[in-house]
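# Architecture and fold: a report
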Amino acid sequence: MTGMLRAALMLAMIATPALAKEAVISSKPIIIAHRGASGERPEHTLAAYQLAIEQGADFIEPDLVMTRDGQLVARHENDISGTTDVSSRKEFADRKATKVIDGIKHTGWFTEDFTLAELKTLRAKERLPLLRRGNSKFDGQFEVPTLREIIALAKAASARTGRTIGIYPETKHPSYFASIGLPLEAALVAELRAAGWDRADAPVFIQSFEVDNLKALKQLTRVPLIQLMASEGGPADGAQPSYTAMATPEGLKAIAVYAAGIGPQKDMVVAGDGTVSSLVADAHATGLKVHPWTFRAENYFLPSGLRKGINPAGHGDMTAEIGRFLAAGVDGLFTDYPYLGAQARDRHSR
Ligand code: G3P
Ligand code: CA
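To keep things clear, this report deals only with the structure shown in the data block.

What counts, and where the lines are drawn
- Residues numbered from 1 in each chain as written.
- Chains lettered and ligands numbered in written order.
- Predicted model: local features only at pLDDT ≥ 70, side-chain atom pairs only at ≥ 80, totals over all residues.
- Heavy atoms only, no water.
- Near = heavy atom within 4 Å.
- Polar contact = N/O pair within 3.5 Å; in protein donor to acceptor, adjacent residues only side chain to side chain.
- Areas by Shrake-Rupley, 256 points an atom, 1.4 Å probe, with all protein chains shown as cover.
- Helix = DSSP H or I, 4+ residues; strand = E, 2+ residues; numbered from the N terminus.
- Buried < 20%, exposed > 50% of the residue type's maximum accessible area, 1.4 Å probe, protein only.
- Lys, Arg positive; Asp, Glu negative; His and termini not counted.
- Salt bridge = Lys/Arg side-chain N within 4 Å of Asp/Glu carboxyl O.
- Contact = heavy atoms within 4.5 Å.
- Donors = N, O, S within 2.8 Å, 3.2 Å for Na, K, Ca; no water.
- Tetrahedral: all angles 85-135°; square planar, octahedral: opposite > 155°, others 65-115°.
- Pairing = 2+ DSSP bridges.
- Phe/Tyr/Trp six-rings, centres within 6.5 Å; stacked < 30°, edge-to-face > 60°.
- Axes fitted to C-alpha atoms, helices over the stretch in contact; angles between N-to-C directions.
- Parallel < 35°, antiparallel > 145°, perpendicular 65-115°, else oblique.
- Left-handed = near helix turned anticlockwise from the far one by under 90°.
- Nonpolar A, V, L, I, M, F, W, Y, C, P; charged D, E, K, R; others polar.

### Brief notes about the site of ligand 1
- Inspection of the region around ligand 1 gives H34, R35, E61, D63, H76, E170, K172, Q207, F209, L228, W293 and F334 as its neighbouring residues.
- A distance of 2.7 Å separates an oxygen atom of ligand 1 from a polar atom in the side chain of K172.
- At a separation of 2.5 Å, an oxygen atom of ligand 1 approaches a polar side-chain atom of Q207.
- Protein chains shield 92% of the accessible area of ligand 1, which is 280 Å² for the free molecule.

### Some thoughts on the side chain of E126
- Looking at the secondary structure, you find E126 in the loop between α3 (116–119) and α4 (133–136).
- At 4.9 Å, R132 is the nearest oppositely charged side chain to E126, a buried residue that forms no salt bridge.
- Within polar-contact distance, the side chain of E126 engages the backbone nitrogen of L128 at 2.8 Å.
- Leaving out residues up to four positions away in the same chain, E126 has contacts with S38, R41, P42, G82, R132, N135, S136 and D139.

### Observations regarding the coordination of the calcium ion (ligand 2)
- All of the protein donors around the calcium ion (ligand 2) are E61 (OE), D63 (OD) and E170 (OE); their distances to the metal are 2.1 to 2.3 Å.
- In this structure, the calcium ion (ligand 2) is coordinated by 6 donor atoms arranged in irregular fashion, with angles at the metal of 58 to 161 degrees.
- Donor residues binding the calcium ion (ligand 2) come from one chain and are separated in sequence as E-x1-D-x106-E. Of the two residues, E61 sits in strand β2 (residues 59–61) while E170 sits in strand β8 (residues 170–171), which places them 109 residues apart along the sequence.
- On the basis of relative accessibility, which here comes to 2%, the residue E61 falls in the buried class.

### Points about the sheet that holds strand β1 (residues 30–34)
- Ordered by their spatial adjacency, 4 strands build an open sheet running β7-β2-β1-β13, and the pairing between neighbours is parallel. On the outer flanks of this sheet lie β7 (166–167) and β13 (332–335), each paired with one strand and no other.
- For β1 and β13, the ladder comprises 4 bridges, and the chain directions are parallel. Paired with A33 across the bridge in β13 is T335.

### Focus: the packing of aromatic side chains
- In the structure shown here, the tally under the stated rule is 11 aromatic pairs.
- Where F59 meets Y168, the ring centres are 6.0 Å apart and the plane angle is 80 degrees; that geometry is what we call edge-to-face. Remark: Y168 occurs in the loop between β7 and β8 and F59 occurs in strand β2; sequence separation between them is 109 residues. Assigned by exposure class, F59 and Y168 land together as buried.
- Three or more aromatic residues joined by ring pairs make a cluster, and in this case those are F59, Y168, F205 and F334.

### Some points on the packing of helix α12 (residues 318–327) against helix α13 (residues 338–349)
- One way to put it is that α12 packs onto α13 with a least axis distance of 9 Å and a crossing angle of 45 degrees. One finds that α12 runs oblique with respect to α13. The element α12 and its partner α13 pack so that their crossing is right-handed. Every residue of α13 that contacts α12 at M318, T319, I322, L326 and A327 is listed here: L340, G341, A344, R345, R347 and H348.
- Here the residues of the contact of α12 with α13 sort into 6 nonpolar, 3 polar and 2 charged.

Written as structure tokens, this is what we have:
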């Protein structure tokens, strides 16, 4: 081997990790459709996911809960009173119950008390009719979808569009569901495996606000895991005292053992006044991706400086808000308005 060739090989060996890192850093931030395009359709319906895909979302987000017969369905919580017509269905009146979930008392109707066949007779309704009046006209039209149907939708859309549409499922109330004999984790992994998506490179992230179920999932699947965190409180499983502690450099190092990234509440990354925290830098220093939530266009949800007019349902400048986060270096974001998110991301990436 000539000296020049040896030098070239050594240079290539030294350069490869830097190039790999560059490729990760320069890839576009992902747009995650939060509960679908939930700003424009009732959340967690196939119509909401379909619209999100048409609007340019890279991932669609189902929150997952379980039925009495062990089927995973998309609802933000197991209490379906606020997002379905169950309270008006006389045949299910006797299913109304009061339960304590994650330490909070809830009275309503719960997915774990319904078979999938029964749930399928219900119809979705808009959660926020005062803020999203246009969505209410879809009330009564759409079913509660299963995870299997959502995966099929994503796969069909990928084949049709030539884009890769992924899913970003969240296990909801995992320790509660385990406590009633309906653990979510194995069922989720079984669905992914059946879809050929139980792989490290599958277009899937699994997220949870709890810690121990993510650690359990780490043993069950190679799909990347995302530790969710809120600006207040701590995980309902009590595995860590607070999210604030988990967001410190030490806390992030502990998360990096089992997760590929964090999903922080957005004000942990950039405060309403535009002040940027060290969270993105600290997370990246441990190799964790950062996907904050949730970007919503209505004035009601925006920091005061980005509102337009005084109508809480009116839309302010969510695009400017997203711009702050992209400038802060986030790797993706959850939004109820994927078309605005994709526009902001594409403008930033150019
Ligand atoms: O999963 C990210 C974000 O969706 C967490 O909040 O309450 O909308 O599920 P939530
Ligand atoms: Ca979620």
